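# Reading the structure
Each chain, letter by letter, is given below.
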Amino acid sequence: MTKNKTGLSFLWLSAVAFILDLLTKYIVVQRFDLYESMNLLPVFNLTYVRNYGAAFSFLAEHDGWQKYFFIVLAIGISLMLAYFMKKNSAEQKLQNSAYALIIGGALANMVDRAYNGFVVDFLDFYWDIYHYPVFNVADIAICIGAGLLALDAFKGDKKSGQKWQPISSVICKAVMMNYSFY
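Everything in this summary refers to the structure shown in the same document.

Cut-off values and rules
Residues numbered from 1 in each chain as written. Predicted model: local features only at pLDDT ≥ 70, side-chain atom pairs only at ≥ 80, totals over all residues. Heavy atoms only, no water. Pairing = 2+ DSSP bridges. Helix = DSSP H or I, 4+ residues; strand = E, 2+ residues; numbered from the N terminus. Contact = heavy atoms within 4.5 Å. Axes fitted to C-alpha atoms, helices over the stretch in contact; angles between N-to-C directions. Parallel < 35°, antiparallel > 145°, perpendicular 65-115°, else oblique. Salt bridge = Lys/Arg side-chain N within 4 Å of Asp/Glu carboxyl O. Buried < 20%, exposed > 50% of the residue type's maximum accessible area, 1.4 Å probe, protein only. Phe/Tyr/Trp six-rings, centres within 6.5 Å; stacked < 30°, edge-to-face > 60°.

For the rest of this paragraph, the subject is the sheet that holds strand β3 (residues 119–127). Read across the open sheet, the 4 strands follow the order β1-β2-β3-β4; overall the sheet is antiparallel. Edge positions in the open sheet fall to β1 (37–41) and β4 (130–131), since each of these has one partner strand only. Pairing between β1 and strand β2 (residues 44–51): 4 bridges, direction antiparallel. Bridge pairing links Met-38 to Leu-46 in β2. The sheet strands contacting helix α3 (residues 93–116) are β2 and β3, and the helix crosses β3 at an angle near 120 degrees.

Structure (structure tokens):
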């Protein structure tokens, strides 16, 4: 009897996102002073900043409890997504890839936060005087994962003939994506 492969076989994507994020953060911290910026394109800078909060510096102005909150949240969501991957078939490529990217990004930002007390951000896109919040590779992995989950939700299940998933399923996935975004 052969054992079916689970979605856990996609965890290599988590490792790639995790390593790439921490490697790029290490390079930035070694080569840049805090707030130092290097212009690469007319709309893009590499700028070393520290984010003490979550997405868009959410909760950054609090007394430090948010560090532990976001660490616990990242671990909890990563475990939950890994459980979903274990229950999934390896054939569910889009969903497993999405979960793996979110896990890799969330854990990379969590390690950064646990080690430094903040998350290193450095990708700075702007137009004229308007800057998008500075972000990092882990944030990109999380956003791509969230986009893949949204795509998967609207793709539907070919086997059952369902063209889209019930709205409750889409909402649950959207809530999970919001809580895992750093």
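So, about the packing of helix α1 (residues 11–31) against helix α4 (residues 137–155). Running from N to C, α1 and α4 cross one another at 150 degrees; their axes reach a closest spacing of 8 Å. By the angle class used here, α1 and α4 are roughly antiparallel. Across from Ala-17, Leu-20, Asp-21 and Thr-24 in α1, the residues of α4 making contact are Val-137, Ala-138 and Ala-141.

The full count for this structure, using the stated rule, is 3 salt bridges. A salt bridge links Asp-112 to Lys-25; the nearest nitrogen and oxygen atoms lie 3.3 Å apart. Remark: Lys-25 occurs in helix α1 and Asp-112 occurs in helix α3; sequence separation between them is 87 residues. For the pair formed by Asp-112 and Lys-25, the shared burial category is buried. Lys-155 is the partner of Asp-152 in a salt bridge, and the nearest nitrogen-oxygen pair spans 3.6 Å.

Right, let's talk about the pairing of β2 for a bit. By the criterion of burial, β2 is predominantly enclosed, with 7 of the 8 residues buried. Where β1 hands over to β2, the hairpin turn is made up of 2 residues, counted between the paired strands. Pairing geometry for β2 and β3, over 6 bridges, is antiparallel. The residue of β3 that forms the bridge with Val-49 is Asp-121.

Looking now at the environment of Val-16. Looking at the secondary structure, you find Val-16 in helix α1. Assessed through its relative accessible area of 44%, Val-16 is described here as partly exposed. Sequence separation of Val-16 and Leu-101 is 85 residues, and the distance between their C-alpha atoms is 8.7 Å.

A few words now on the packing of aromatic side chains. A complete count under the given rule lists 7 aromatic pairs for this structure. Ring centres of Phe-69 and Phe-70 lie 5.3 Å apart, and the angle between their planes is 65 degrees; this geometry places the pair in the edge-to-face category. Accessibility expressed as a relative area gives 40% for Phe-69, which makes it partly exposed. Ring geometry for Tyr-83 and Phe-84: centres 6.3 Å apart, planes at 55 degrees, overall tilted. Classification of Phe-84 as partly exposed rests on a relative accessible area of 26%. Aromatic ring contacts, followed pair by pair, group Phe-44, Phe-125, Tyr-132 and Phe-135 into a single cluster.

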